[in-house]
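Working through the structure, step by step
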Amino acid sequence: MADRRVTHSGKNRDGDITSIGTPGQYWSPRAKAGAISDIELGIHTYHVQWPEKRTEIRVANGANGKYLRTDRDNTTRNNLDDLPDL
């Protein structure tokens, strides 16, 4: 199992997260479905290292199915949206 640091996120035109990654890493980009599977099966963990703290990327259930998210602060926003585009 690897603990993978994520610095970027891929988004579709609606702003939905479609992939996560770190440029230059052999595993990047990792499609949303693959990352969800990795997390749920305990194969890999993913995290974002913000200036103030580390946050784990987790799988959440939404109206349109499973998605990736991280909670950097006390807002309801998915902070993966704050990462630069892949």
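Please read all numbers here as calculations on a predicted model, not as lab measurements. Residue positions are given per chain, counted from 1 along the sequence in the order it is written. Whole-chain, interface and lining totals are the exception, using all residues; otherwise, since this is a predicted model, local features are given only for residues with pLDDT of at least 70 and side-chain atom pairs are given and counted only at 80 or more. Side-chain figures throughout are based on the complete set of non-hydrogen atoms in the structure, without hydrogens or water.

1. Here's the deal with the side chain of His47
- We count a stretch as a helix when DSSP gives it H or I for four or more residues in a row; a strand needs E for two or more, and each element gets its number in order from the N terminus. Checked against the element boundaries, His47 lands in strand 5 (residues 44-49).
- Reaching out from His47, the side chain makes a polar contact with the side chain of Asp3 at a distance of 3.3 Å.
- Contacts between residues were defined by any pair of non-hydrogen atoms, one from each residue, lying within 4.5 Å. Not counting residues within four places of it along the chain, the set of residues in contact with His47 comprises Asp3, Arg4, Arg5, Val6, Arg54, Thr55, Glu56 and Ile57. Polar contact criterion, stated in full: a pair of N or O atoms within 3.5 Å, where within protein one must be able to donate a hydrogen and the other to accept it, and residues adjacent in sequence count only if both atoms are side-chain atoms.

2. Topic: the sheet that holds strand 6 (residues 54-56)
- The pairing criterion for strands is at least two bridges between them, as found by DSSP. The strand order 1-5-6 describes an open sheet built from three strands, whose pairing is mixed. Only two strands of the sheet have a single partner each, and these edge strands are strand 1 (2-5) and strand 6. With strand direction ignored, the average angle separating the axes of adjacent strands in the sheet is 35°.
- Looking at chain direction, strand 1 and strand 5 are connected through four bridges and run parallel. Bridge pairing links Arg5 to His47 in strand 5.
- Each of strand 1 and strand 5 is contacted by helix 1 (residues 32-41), which is oriented at about 110° to strand 5, the strand it contacts most. Here, axes are lines fitted to C-alpha atoms. For helices the fit covers the stretch in contact, and angles between N-to-C directions go from 0 to 180 degrees.

3. Quick look at the packing of aromatic side chains
- Centre distance within 6.5 Å is the pairing criterion for rings of Phe, Tyr and Trp, where only the six-membered ring of Trp is used; planes under 30 degrees apart are then read as stacked, over 60 as edge-to-face, and the remainder as tilted. According to the stated counting rule, one finds one aromatic pair in the structure shown.
- On the numbers, 5.8 Å between centres and 65° between planes, the contact of Trp27 with Tyr46 is edge-to-face. Here the residue Trp27 occupies a position in the loop between strand 3 (17-21) and strand 4 (30-31), and Tyr46 occupies one in strand 5, the gap between them amounting to 19 residues.
- Exposure categories follow from relative accessible area, calculated using a 1.4 Å probe and restricted to protein chains: below 20% of the type maximum is buried, above 50% is exposed, and the middle band is partly exposed. When its relative accessible area of 9% is taken as the criterion, Trp27 is described as buried.
- On the basis of relative accessible area, Tyr46 is assigned to the buried category, the value being 0%.

4. Here's the deal with the side chain of His8
- Summarising the element assignment, His8 is placed in strand 2 (residues 8-11).
- Since its relative accessible area comes to 19%, His8 is described here as buried.
- A polar contact of 2.7 Å, which involves the side chain of His8, links it to the side chain of Thr7.
- Apart from residues lying up to four places away in sequence, His8 is in contact with Ile20, Gly21, Pro23, Leu83, Pro84, Asp85 and Leu86.

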